[in-house]
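Spelled out from the first residue to the last, the chains are:
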Amino acid sequence: MQNHDLSADQVRDLRALAGMIIPPSAAYDVPGADDEKIFNDILRSLERDRDDIRRALSHLAAIGGCAFADLEAERRTEVAAAFREVGGAPLAALVRVVLLCYYRDDRVMRSLGQEARPPFPKGHVVEQGDWSLLDPVRARPPMYRTVD
Amino acid sequence: MLDKVDALIVGSGASGAAVAWSLADTRMRIVCLEQGDWVKPTDYPSNGRDWEARLFSDFAINPNRRARPTDYPINDANSPIKVVNFNGVGGSTIMYTAHFPRMHPSDFRVRTLDGVADDWPIDYATLEPYFAENDRMMGVSGLAGDPAYPPHQPPMPPLPLGKSGARFGKAMNQLGWHWWPSDSTIATTDYEGRARCINLGHCTPGCAQGAKASTDITYWPHAIRAGVELRTMCRVREVTVDAHGMASGVIYYDAEGKEQFQPAEVVILACNGVGTPRLMLNSVSAKFPNGIANSSGLVGKNLMFHPYALTYGYVDEPLDGNHGPPLCLWSQQFYETDPGRDFVRGYTFQFGRGVGAIMEAIVSANAGRLPWGEEHHGAYRKLVNRRIGLSAICEDLPDEHNRVTLDPDLKDSSGIPAPKLDYTISANSLKMMDHGIARAKEVLTAAGASNIAVESPILNGGWHLLGTARMGTDPERSVVNEWGRCHDVKNLFIVDGSIWVTSGGVNPTSTIQALALYIADSIKQRLANLFD
Ligand SMILES: Cc1cc2nc3c(=O)[nH]c(=O)nc-3n(C[C@H](O)[C@H](O)[C@H](O)COP(=O)(O)OP(=O)(O)OC[C@H]3O[C@@H](n4cnc5c(N)ncnc54)[C@H](O)[C@@H]3O)c2cc1C
Ligand code: SF4
C-alpha cells in the first residue's frame, strides 16, 4: 500500500478532493470517490501519474495556504474552484486516476447497469442491425475515379 | 560473429511479417530481429478488471507514456500530432484498430490527376493481387459491392451494424451520402485457426480472443513454420556497409544487452515510418556520412500522418458503448478531389461505435462536460454509452519540412539516439479537416446527436507513419526504387510505410502489407540478378 510516495497530508488532501469531485449519492446509490475501497484503489494506481499528482497536491495546498483537508467546507469549495481553473495537466492527471478507479468499482458499475467483470472471456452481444439500410448505397454507380 | 544469413529483416510488424512469410518459400536462411517481445493473449488488458486503466499504462498507445523497456522514446514536442505505435512481435498491429481500407486507384496518380505531389511509380492494378493475398492471410471481414472501390471480395462477412451503425446508416441515407461496412481484419467467423470476434470491444490494446489479426497470430506462425527465425528482444543500432558500399549486416543489442554483429546478404527494413529513418540516420559511415542510402537527403523527410478530425455527439438512448469492435463503417463521399472545394484530395470518414465507461468519463472531464460535486452523477449518466462519433482521415501531402531527424540528446535504453519530429499541419489539410468537421456535424445532427464536440487533430493520432524514405525512379528525388530497393545500396530494401509517395486518405496497413508482398515477390523474381 505504501507505494504512493505521498505525505500523510497529501493523502488526506487527495481523499478530500476526490470526495469533492465525486461525492456519494443516495439518489443513485453510489459511494463517493473518497470511499475507503475506492480511495485505496486510487492510492495503488498513481503509477505513471505519481509526479503529476504530487505536483497537483502541492499546488492545491499552496492555493489554500494550508492542507486542503483542514479547510472549512466553504473555503474548500472556493479553493477547489480556483484550483480547477489553474490546475492544468497535473490536475487532469489527478482527475483521470480518480475516474479510472471510481468507474471500475463494482457498486458504481452496477448502478450504471453494467456487469462488474472484465470483457474477456464472455464478450458482449452486438445486434446485426438492418442491412436493408444499405440498399440505396448498393444502387449507386461506381464512384471512384478511374485512372488509365 | 554470427553466421551470415541470406536475408535479414529488421522489425516484425505489419510489413516485416508479410515479407518474412513471402520470402520463406525461397528456402533462404531468413532472420528477423525485433526489439520487442511476444505478447501473450493472457497479457491483454481485456482479461482483467483494469482493462480500461491499462490504456494509460503498459498498454498506452503513446510509447512515451507506455515507456516499456522495449519502447524507444520519441521527441514529439514540435508536432501537434504525437506518434503512437507498439514495439513487439506484430509491431503496431498489436494495437491497431483493424480498419482495413485499401488505397484507391487515384491515390497513385495525384500529380497527373490533381497536379500536386508526385505520382507513384506503381499503381493499384500492380498491387491488386497482393491486396487479395494479404486479405486472405490477415483474414478480412467486409462486404463486396462497395461503389467507392474496384470490385473485391472480403473472405468473411462484415462486422455487425449494431445500434450505432444503424443510426449512422439512417443518417447517411437521409443526407444521400455514401457509407459502407468497413473492411476489417477482425474475424467474424472462425478463420484459419482463429476464433471469431465476441465483441469484447477493446480491440485497440490487443485482442485476448485472437479475433483481431495482428501479425503475431497471422503471418508469423506460418513464417516460423516455414523456417524463418524470429529473434526477439534484439534492438538494431545500425546497418553496416562494406568496402563496396553494400550493406554487410547490422549491429544490434541482444536480449542480454550484448552487442552483436549479424552479417547478411540482403537487409530489409520494416521498422515503420519513424523507426526506419531513425535507423538509417543512425547508420553513418565514411560512404554515407548523412545516414545510409541518403544521397538524396530525403531519408526522414516528407513525414505524413493522416491528420484526424474527430467530431462526436450524444444521443438520448444507450447505444453500443464499447461493445463490439469500435470501427465498422466508412464513408468515402468526400474522398476524391472536387474542384468546387478549397482543398485538393479528400478524406474517409470512419464511424466510431462508442467508448467504454471510463474513457467516457475521462474524455468528458477533460472537455469540461463533467461537473464536480452532486451533479456529476446525473451529467455522467447522460453521456455514458450515448456517444457516437466519426473521424475524417485526411490525406496529408508530402512536405520536406515535415521530418524525422535524430534528437541530439534523447536516447533509448540501449543508448541509441532517439527520433525527433518536426511536423506542421498544412493549409490544405487544415481546410480538409474543417470541411470534414462541418460535414460530420451534419451527419451527427441527422443521427439525432446533440452536445457536439470536436477533437482536431486527434492529439495521440500519429498512428499512420508514412513517406520518410519515399519510392521513385529518380535517385535524386527518392530513396528506394519502384520495387523497394535503395537506390544507393543495392542489397538494402525498405518495405514499411516509409516508402509511400503520397498518403491517400485511408488507414494504411492493407496497402503497406500489399506493398511488402509485392516487394518480396519482386525480390524473388530477381534472385539471380538482384544487385544489378
Ligand atoms: C493505436 C493504433 C491504431 C491503429 N489503427 C489502425 C487501423 O485501424 N488501420 C490501419 O490500417 N492501421 C492502423 N494503425 C497503424 C498500423 O498499426 C501501422 O500502419 C502498421 O502496423 C505499420 O506497419 P509497419 O510494418 O510499417 O510497422 P510496425 O507494425 O510499427 O512494426 C515495426 C516493428 O519494428 C520494430 N523495430 C523498430 N525499430 C527497431 C530496431 N531498431 N530494432 C529492432 N526492431 C525495431 C518495432 O519494435 C516494431 O515491432 C494503428 C496504429 C496504432 C498504434
Ligand atoms: S471486439 Fe472482437 S476483435 Fe475486438 S477485442 Fe473483442 S473479440 Fe477481439
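Please read these numbers as outputs of a predicted model, since none were measured by experiment.

Conventions we followed
Residues numbered from 1 in each chain as written. Chains lettered and ligands numbered in written order. Predicted model: local features only at pLDDT ≥ 70, side-chain atom pairs only at ≥ 80, totals over all residues. Heavy atoms only, no water. Helix = DSSP H or I, 4+ residues; strand = E, 2+ residues; numbered from the N terminus. Rg over C-alpha atoms; globule rule 2.2 N^0.38 Å. Salt bridge = Lys/Arg side-chain N within 4 Å of Asp/Glu carboxyl O. Buried < 20%, exposed > 50% of the residue type's maximum accessible area, 1.4 Å probe, protein only. Contact = heavy atoms within 4.5 Å. Near = heavy atom within 4 Å. Areas by Shrake-Rupley, 256 points an atom, 1.4 Å probe, with all protein chains shown as cover. Nonpolar A, V, L, I, M, F, W, Y, C, P; charged D, E, K, R; others polar. Pairing = 2+ DSSP bridges. Axes fitted to C-alpha atoms, helices over the stretch in contact; angles between N-to-C directions. Polar contact = N/O pair within 3.5 Å; in protein donor to acceptor, adjacent residues only side chain to side chain. Parallel < 35°, antiparallel > 145°, perpendicular 65-115°, else oblique. Right-handed = clockwise from strand over helix to strand, strands pointing away. pLDDT = per-residue confidence, 0-100. Phe/Tyr/Trp six-rings, centres within 6.5 Å; stacked < 30°, edge-to-face > 60°. Lys NZ or Arg CZ within 6 Å of the ring centre and 35° of its normal. Left-handed = near helix turned anticlockwise from the far one by under 90°.

Requested: an account of the overall build of chain A, with residues and values cited.
Of the regular secondary structure elements, chain A holds seven helices and zero strands. Order of helices (α) and strands (β) in chain A, N terminus to C terminus: α-α-α-α-α-α-α. What you see for chain A is a C-alpha radius of gyration of 23 Å, clearly larger than the 15 Å of a compact globule of 148 residues, by over 25%. Overall, chain A is about 70 × 40 × 30 Å in size when its C-alpha atoms are taken along their principal axes.

Would you mind going over the pattern of salt bridges in detail, with residue names and values included?
Under the counting rule described, the total for this entry stands at 47 salt bridges over all chains. Asp49 of chain A is the salt-bridge partner of Arg96 of chain A, the closest N and O atoms lying 2.8 Å from each other. Of this pair, Arg96 of chain A sits in helix α5 (residues 88-102) while Asp49 of chain A sits in the loop between α2 (36-44) and α3 (50-64), and the two are 47 residues apart along the sequence. Residue classification places Arg96 of chain A among the buried residues on the basis of a relative accessible area of 16%. Each of the salt bridges in this network shares a partner with another, and the network as a whole consists of Arg145 of chain A together with Asp107, Asp114, Arg345 and Glu395 of chain B.

Explain the side chain of Asn402 of chain B to me, using residue names and the numbers behind them.
Residue and element names in this part refer to chain B. The topology assignment puts Asn402 in the loop between β12 (387-394) and β13 (403-411). The class of Asn402 is buried, set by a relative accessible area of 3%. Residues contacting Asn402, with those up to four places away along its chain left out, are Gly300, Lys301, Asn302, Leu303, Asp422, Tyr423 and Thr424.

Give a description of the site of ligand 1 that names residues and reports values.
Residue and element names in this part refer to chain B. Inspection of the region around ligand 1 gives 38 residues, with Ser15, Glu34, Ser92, His99 and Thr509 positioned closest. Summarising the interface, the protein chains cover 98% of the accessible area of ligand 1, which totals 1000 Å² for the free molecule. For the shell around ligand 1, the secondary-structure elements that each account for two or more residues are α1 (14-24), β6 (235-241) and α11 (509-525). In the shell around ligand 1, the residues fall into 16 nonpolar, 19 polar and three charged.

Give me unusual backbone geometry: which residues, what numbers.
With the exception of glycine, most residues fall at negative phi, and the peptide bonds are largely trans. The amide bond that connects Phe120 of chain A to the next residue, Pro121 of chain A, takes the cis arrangement and shows omega of 5 degrees. With an omega of -5 degrees, the peptide bond running from Ser456 of chain B to Pro457 of chain B counts as cis. Within the chain, Met233 of chain B stands out as a residue other than glycine whose phi angle is a positive 60 degrees. As for its placement among the helices and strands, Met233 of chain B is situated in the loop between β5 (229-231) and β6.

Talk me through the sheet that holds strand β10 (residues 327-331) of chain B; I want residue IDs and the actual numbers.
All names here are of chain B. Overall, antiparallel pairing links the six strands, which are arranged β4-β10-β11-β12-β9-β15 in an open sheet. Lying at the two open borders of the sheet, with one neighbouring strand each, are β4 (180-181) and β15 (450-455). Across six bridges, the pairing between strand β11 (residues 347-352) and β12 is antiparallel. Bridge pairing links Gln350 to Ser391 in β12. Strands β10, β11 and β12 of the sheet are contacted by helix α5 (residues 162-175), whose axis makes an angle of about 65 degrees with β12.

An account of the interface of chain A and chain B is needed here, citing residue identities and associated values.
Each side of the interface is counted separately: chain A has 57 residues, and chain B has 72 residues. Inspection of the region where chain A meets chain B yields four salt bridges. Note that Asp114 of chain B and Arg145 of chain A form a salt bridge whose closest N and O atoms lie 2.8 Å from each other. For the pair chain A and chain B, the interface holds 23 residue pairs in polar contact (both at pLDDT 80 or more). Secondary structure elements with two or more residues in the side of chain A that touches chain B: α1 (8-21), α4 (73-86), α5, α6 (106-111) and α7 (135-138) of chain A. A total of seven residues in the side of chain A that touches chain B trace back to one element, the largest contributor, which is α5 of chain A. Of the residues assigned to the side of chain A that touches chain B, the class counts are 35 nonpolar, seven polar and 15 charged.

Before we move on, could you go through the sheet that holds strand β3 (residues 75-78) of chain B and cite the residues and values that matter?
All names here are of chain B. A sheet is described by the order of its strands in space; here three strands give the open sequence β3-β14-β13, paired in mixed fashion. Because the sheet does not close on itself, it has two edges, and the strands there are β3 and β13. Pairwise comparison of adjacent strand axes, ignoring direction, gives a mean angle of 35 degrees for this sheet. Alignment of β3 against strand β14 (residues 417-422), held across two bridges, turns out to be parallel. Directly across from Asn78, in β14, lies its bridge partner Asp422.

Tell me what's going on with the packing of α1 of chain A against α5 of chain A, and back it up with residues and numbers.
Residue and element names in this part refer to chain A. The N-to-C vectors of α1 and α5 enclose an angle of 70 degrees; their axes lie 11 Å apart at closest approach. With respect to α5, the axis of α1 lies roughly perpendicular. Here Leu14, Leu17, Ala18 and Ile21 of α1 lie close against α5, whose contacting residues are Leu94, Val95 and Val98. Taken together, the residues that form the contact of α1 with α5 break down as seven nonpolar, no polar and no charged.

Could you give me a rundown of the pairing of strand β2 (residues 30-33) of chain B, with the residues and numbers involved?
All names here are of chain B. Along β2, one buried face is formed by Ile30 and Cys32 and the opposite face, lined by Val31 and Leu33, is buried too. With four bridges connecting them, strand β1 (residues 5-10) and β2 associate as parallel partners. Looking at the pairing, Val10 lines up with Leu33 of β2. Considered for its hand, the β-α-β crossover made up of β1, α1 and β2 is right-handed. Relative to β5, β2 runs parallel, the two being bridged by three bridges. Its bridge partner lying in β5, Cys32 is registered against Leu230.

Lay out the pairing of β13 of chain B in plain terms, naming residues and giving numbers.
Residue and element names in this part refer to chain B. In the sheet, β13 pairs with β14 via five bridges, with the strands oriented antiparallel. Residue Lys411 lies in a different strand from β14, and its bridge partner there is Pro417. The hairpin turn running from β13 into β14, its antiparallel successor, is five residues long, and Gly415 in that turn takes a positive phi close to 85 degrees.

Which residues make up the confidence of the model for chain B, and what are the values?
Mean pLDDT over chain B works out to 97, with 100% of the residues at or above the 70 mark. For this predicted complex, the interface confidence comes out at an ipTM of 0.95, alongside a pTM of 0.97.

Provide a residue-level description of the packing of aromatic side chains, including the pertinent values.
Applying the stated criterion across every chain yields a total of 20 aromatic pairs over all chains. Consider the rings of Phe305 of chain B and Tyr423 of chain B, whose centres lie 4.7 Å apart with planes at 65 degrees: the pair is edge-to-face. One end of the pair, Phe305 of chain B, is in the loop between α7 (272-282) and β9 (308-314); the other, Tyr423 of chain B, is in the loop between β14 and α10 (427-446), and 118 residues separate them in sequence. We note that Phe305 of chain B, like Tyr423 of chain B, is buried. In textbook terms, an aromatic cluster arises when at least three aromatic residues are bridged by ring pairs, as seen for Phe168, Trp177, Phe334, Tyr347, Phe349 and Phe351 of chain B. Across the ring face of Phe68 of chain A, the terminal group of Arg76 of chain A is positioned such that the distance to the ring centre comes to 5.8 Å. Directly above the ring of Tyr72 of chain B sits Arg278 of chain B, whose terminal nitrogen or CZ lies 4.6 Å from the centroid.

I'd like a rundown of the packing of α1 of chain B against α11 of chain B, residues and numbers included.
All names here are of chain B. Running from N to C, α1 and α11 cross one another at 30 degrees; their axes reach a closest spacing of 8 Å. What the angle tells us is that α1 and α11 run roughly parallel. Note that α1 runs across α11; the crossing there is right-handed. Contact residues: Ala14, Ser15, Ala18, Val19, Trp21, Ser22 and Leu23 in α1; Thr509, Ile512, Gln513, Ala516, Leu517, Ala520, Asp521, Ile523 and Lys524 in α11. Taken together, the residues of the contact of α1 with α11 sort by class into 10 nonpolar, four polar and two charged.

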